[in-house]
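# A structural walkthrough
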Amino acid sequence: PPPPGPPVDPPPPGSALVDEVDKRILVVLRDGRKILGILRSFDQFSNMVLVDACERVIVGDTFGDVPLGSYIVRGENLVLLGAVDEAESEAGPPGLRRLSADEIRVAEMAEKQSNSLKRTMLARFDFLDDLS
């Protein structure tokens, strides 16, 4: 076997993002939001600047993109990041129907109100757990 070479230094933190600069990416944040945008710059903490960004909102079998413009993401809020094919980004997730930004926000609010009502109803019947 060949003799081992000199030790290889690990890449500096955040350098893996170099290959993604000026490409469209999808970022999933800690609060569950999904942001699509073109990665313009980043730093050693994975803070990043996205341009032409939009929030992709998915409600049931529908989705919509809400324009954000330029957007700064703090690295500590980043959960997942990946490159996105332009054609697939425009087409959207398979099996979902596209809505306008206004329509998807209305659908999102309706879903939040429905979930809130469900939690309220479940809390009212919480006493049933004590009977068993």
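### Looking at the side chain of Glu-55
Looking at the element boundaries, Glu-55 is found in strand 3 (residues 48-59). Among the polar contacts listed, one links the side chain of Glu-55 to the side chain of Arg-105, at a separation of 3.0 Å.

### What about the nonpolar core?
Listed in full, the 11 residues of the largest apolar core are Leu-17, Ile-25, Val-27, Leu-29, Ile-35, Leu-39, Met-48, Leu-50, Ala-53, Tyr-71 and Val-73. If you list the elements that add at least two residues to this core, you get strand 1 (24-29), strand 2 (34-42), strand 3 and strand 4 (62-73). The residues contacting Met-48, other than those within four sequence positions of it, are Leu-17, Ile-25, Val-27, Leu-39, Ser-41, Phe-42, Tyr-71, Ile-72, Val-73, Leu-78 and Leu-81. In this structure, Val-57, Val-59, Val-66 and Leu-99 belong to the second largest nonpolar core, which totals five residues.

### Concerning the sheet that holds strand 6 (residues 97-98)
A sheet is described by the order of its strands in space; here six strands give the open sequence 5-1-2-3-4-6, paired in mixed fashion. Both edges of this open sheet fall to strand 5 (78-83) and strand 6, since each of them pairs with a single strand only. With seven bridges joining them, strand 2 and strand 3 adopt antiparallel strand pairing. Residue pairing in the sheet places Ser-41 in a bridge with Val-49 of strand 3.

### A closer look at the pairing of strand 3
Of all 12 residues that make up strand 3, nine are buried, and the element is covered over most of its length. Hairpin connection between strand 2 and strand 3: a loop of five residues separates the two successive antiparallel strands, and Ser-46 in this loop has a positive phi of roughly 65°. Bridging between strand 3 and strand 4 involves 10 bridges; their strand directions are antiparallel. The residue bridging Val-57 from the neighbouring strand is Gly-64, located in strand 4.

The rules we used
Going along each chain's sequence as written, the residues are numbered from 1 onward. Only residues with pLDDT of 70 or above have their local features reported here, since the model is predicted, and side-chain atom pairs are shown and tallied only from 80 upward, although totals for entire chains, interfaces and linings are computed over all residues. Neither water nor hydrogens contribute to the side-chain values; these are computed over all heavy atoms in the structure. Only DSSP runs of H or I reaching four residues or more are called helices, and only runs of E reaching two or more are called strands; each is numbered from the N terminus. Identification of polar contacts relies on pairs of N or O atoms within 3.5 Å, with a donor-acceptor requirement for protein atoms, meaning one able to donate a hydrogen and the other able to accept it, and with residues adjacent in sequence counted only if both atoms are side-chain atoms. The definition of a nonpolar core used throughout is a set of buried Ala, Val, Leu, Ile, Met, Phe, Trp, Tyr and Cys residues joined through side-chain atoms within 4.5 Å. Working definition: with a 1.4 Å probe on protein chains only, accessible area under 20% of the residue-type maximum means buried, over 50% means exposed, and in between means partly exposed. We call two residues in contact when some of their heavy atoms are within 4.5 Å. What makes two strands pair is DSSP finding at least two bridges between them.

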